Amino acid sequence: MFSDNHKTAGVAYPQGFTAAGVRAGIKKNGNLDVAVIYTEKEAAVAGVFTKNLVAAAPVHLSKIVVGTGTAHAIVANAGCANACTGEQGIRDAEKMAQITADELHCKQDDVIVASTGLIGSNLPMDKMEAGIKDAVKNLSKEGSVNAGNAIVTTDTYSKACATEVEIGGVEVRFGAIAKGSGMIRPNMATMLCFITTDADIDQKLLQEALSEITEVSFNMVTVDGDSSTNDSVVILANGAAGNKKIVDKGADYQKFYDTLKNICVEMAKRIAADGEGASKFLTINVTGAESFADAKKVGMAVANSPLVKTAFFGQDANPGRTICAVGYSGVHVIPEKITIKFGGLTVYQNGLVTKFDTDTMKKILAEHDIIVDINLGLGNEAATVYTCDLTFAYVKINADYTT
């Protein structure tokens, strides 16, 4: 679905969008660190943000922008989270928006603001101002790759995709960039995702779709159990495709919804697979639950277990750790009804750890992508959680983060 022919276009793939990423000297390593995404044509905007009560300044500001229903631009930086920075942080976030608005000849409340990086430091606004102005000058249809690279922190690569779908006889395009590697858990994480589309859709429907889809995509990712101050998923829909405006939940809405969901799930998977220091990508499918909430709770308990994660890192077939996490998840379960499989090989059934072929298990655990299936045997609801293993590299990265 996500063609390599236009994946580099990312957020600039839909009609009417341009992007840029530049070096402003905010990151210690001197890499790209300021990004701007722009549509001259006014766009409907929707957003979902961190549930951490200690939310960063740009989150507070961007919620206000989403509340207006429309926007023209997104400005983002990496290297400094602008979190736990008090009134100065709010002023700096507002100044980021105002500088961007002045350069693009729009209003301050037309600009979404996002930041990621070290918590507790103030933004170097002289560098930020120069970076924003430079980014605006460099806006182009080829700028998505640089924009994506400008928002990464400990990621090993920038996540991006683009696709299209026919809606009402018109080609509608979607593009996205995202970052996220550590401090990842339910309710998003140190995660930024910016999505663009040239679809014409009612803003309230856009917000409803994004909120629903986030619950089964980004909110199903966990890397280390920590939840960040800066999580933001934002979509801009500028209507430049010229489709008949989507104003109800008919066939056109369903096509839009399904395409957006596919993008969000794909980006969520890439974030989980690129967890800090990760060597394994784990998909945990929980079925047979009495509710989606129960399935998710079980999946998250397993995915967040350091013992489970280190077992997969060590390629150690230790299913006792998985069933242990299921048992303490807080969900009512009956051990004798639970079946657990690693890579399709049954490891727990009828209340017992099963005997399995060790050679087959070695091959399964040697793979980068591993599927864990957990059937609770109690109902018809299901959930899928995405995570990674816990490695020596994760400890090293986070032990040295500020030094």
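Bear in mind the structure is a predicted one, so any value in this text is a computation, not a measurement.

Basis of the calculations
Counting restarts for each chain: residues are numbered from 1 in the order of the written sequence. Where local features are concerned, this predicted model is filtered to residues with pLDDT of at least 70; where side-chain atom pairs are given and counted, the filter is 80 or more; whole-chain, interface and lining totals use all residues. As a convention, hydrogens and water are excluded, and side-chain values are obtained from all of the structure's heavy atoms. A run of DSSP states H or I qualifies as a helix once it reaches four residues; a run of E qualifies as a strand once it reaches two. Both are numbered from the N-terminal end. Every radius of gyration here is taken over C-alpha atoms, with the globule rule written as 2.2 Å times N^0.38, N being the number of residues. Think of it in three bands: with a 1.4 Å probe and only protein chains considered, a residue is buried below 20% of the maximum accessible area for its type, exposed above 50%, and partly exposed in between. The Shrake-Rupley method, run with a 1.4 Å probe sphere, supplies the accessible areas, and residue values consider only the shown protein chains as cover. Residue contacts are counted whenever heavy atoms from the two residues lie within 4.5 Å of one another. Expected span of a helix, by definition, is 1.5 Å for each gap between consecutive residues, and there is one gap fewer than residues. Any pair of N or O atoms that falls within 3.5 Å is considered a polar contact. Within protein, one atom must be able to donate a hydrogen and the other to accept it, and sequence-neighbouring residues count only if both atoms are side-chain atoms. When DSSP locates at least two bridges between a pair of strands, those strands are taken to pair. For this analysis, a salt bridge means a side-chain nitrogen from Lys or Arg found within 4 Å of a carboxyl oxygen belonging to Asp or Glu. In this analysis, axes come from line fits to C-alpha atoms, helices being fitted only over the stretch in contact, and the angle between any two N-to-C directions falls in the range 0 to 180 degrees. Definition of nonpolar core: a set of buried residues of the types Ala, Val, Leu, Ile, Met, Phe, Trp, Tyr and Cys, connected through side-chain atoms within 4.5 Å. Reported orientations rely on four angle classes, namely roughly parallel under 35 degrees, roughly antiparallel over 145, roughly perpendicular from 65 to 115, and oblique for the rest. In a left-handed crossing the near helix is turned counterclockwise from the far helix by less than a right angle, and in a right-handed crossing that turn is clockwise. Residues are grouped as follows: nonpolar covers Ala, Val, Leu, Ile, Met, Phe, Trp, Tyr, Cys and Pro; charged covers Asp, Glu, Lys and Arg; every other residue, Gly included, is treated as polar.

Secondary structure summary: the protein contains 11 helices and 14 strands in total. Radius of gyration (C-alpha) of the protein: 22 Å, near the 22 Å computed for a compact globule of 403 residues. In terms of principal-axis extent, the alpha carbons of the protein reach across some 65 × 55 × 40 Å. The buried share of the protein, reckoned over its 403 residues, is 54%. Accessible surface, the protein: about 16,000 Å² in total, of which carbon and sulfur atoms supply 50%.

With that settled, the discussion passes to the environment of Leu-210. When you line up the elements, Leu-210 lands in helix H5 (residues 203–215). Take Leu-210: its relative accessible area is 0%, and that puts it in the buried class. For Leu-210 and Lys-341, which are 131 residues apart along the polypeptide, the C-alpha to C-alpha distance reads 32 Å. Not counting the four nearest positions on each side in its chain, Leu-210 is found in contact with Ala-46, Gly-47, Val-48, Val-233, Ile-235 and Leu-260.

The next thing to look at is H5. If you check H5, its first and last C-alpha atoms are 19 Å apart, about what 13 residues at 1.5 Å a residue would give, namely 18 Å. For H5, the full list of buried residues reads Leu-205, Leu-206, Gln-207, Ala-209, Leu-210, Ile-213 and Thr-214. Lining the buried residues of H5 we find strand S2 (34–49), helix H1 (57–68), strand S8 (232–237) and helix H6 (251–273). For H5, the N-terminal cap is Asp-202; the gap from its side-chain oxygen to the backbone nitrogen of Lys-204 is 3.1 Å.

The subject of this paragraph is the pairing of strand S10 (residues 339–342). Here S10 pairs with strand S13 (residues 369–375) via four bridges, running antiparallel. Across the sheet, residue Ile-340 finds its bridge partner in S13, namely Ile-374. Pairing geometry for S10 and strand S11 (residues 345–349), over three bridges, is antiparallel. In the strand pairing of S11, Lys-341 is matched with Thr-346. Where S10 folds back onto S11 in an antiparallel hairpin, the turn is made up of two residues, including Gly-343, whose phi is positive at roughly 55°.

Attention now moves to the pattern of salt bridges. Tallied over the full model, the rule gives five salt bridges. Residues Arg-173 and Glu-171 are paired through a salt bridge, measuring 3.0 Å at the closest nitrogen-oxygen approach. The partly exposed category is assigned to Glu-171, whose relative accessible area is 40%. A salt bridge links Glu-266 to Arg-270; the shortest N-O distance between them is 2.8 Å. Residue Glu-266 and its partner Arg-270 are both found in helix H6; the two are separated by four residues, about one turn of the helix. Owing to a relative accessible area of 22%, Glu-266 belongs among the partly exposed residues under this scheme.

Here we have six strands laid out as an open sheet, ordered S12-S11-S10-S13-S9-S14, and mixed in their pairing. Of all strands in the sheet, those with a lone pairing partner are strand S12 (352–353) and strand S14 (381–388), marking the two edges. Note: strand S9 (residues 281–289) against S13, seven bridges, orientation parallel. Counterpart to Ile-284 in the pairing with S13 is Val-372. Seen against the sheet, H6 touches S9 and S14 and runs at an angle of roughly 40° to S14.

For strand S3 (residues 70–78), the tally of buried residues reaches eight of nine residues, placing the bulk of the element in the interior. Across seven bridges, S2 lies against S3 in antiparallel orientation. Bridge pairing in S3 links Ile-37 to Ile-74. As paired elements, S3 and strand S4 (residues 111–116) share six bridges and run parallel to each other. When the sheet's bridge partners are listed, Asn-77 is paired in S4 with Ser-115.

Attention now goes to the nonpolar core. One finds Phe-256 and Ile-374 to be the most contacted residues of the largest nonpolar core, which totals 72 residues. Ranked by residues supplied to this core, first place goes to H6 with 11 residues. Excluding anything up to four places from it in sequence, Ile-374 contacts Ile-284, Asn-285, Val-286, Thr-287, Val-302, Thr-322, Val-326, Ile-338, Thr-339 and Ile-340. Ile-26, Ala-93, Met-96 and Ala-135 belong to the second-largest nonpolar core, a separate cluster that totals 28 residues.

This brings us to the packing of helix H7 (residues 292–304) against helix H9 (residues 319–327). Relative to each other, H7 and H9 sit at 135°, their axes nearing to 8 Å. With respect to each other, H7 and H9 are oriented oblique. Relative to H9, H7 is oriented so that their crossing is right-handed. Every residue of H9 that contacts H7 at Val-298, Ala-301 and Val-302 is listed here: Thr-322, Ala-325 and Val-326. For the contact of H7 with H9, the residue count by class is five nonpolar, one polar and no charged.

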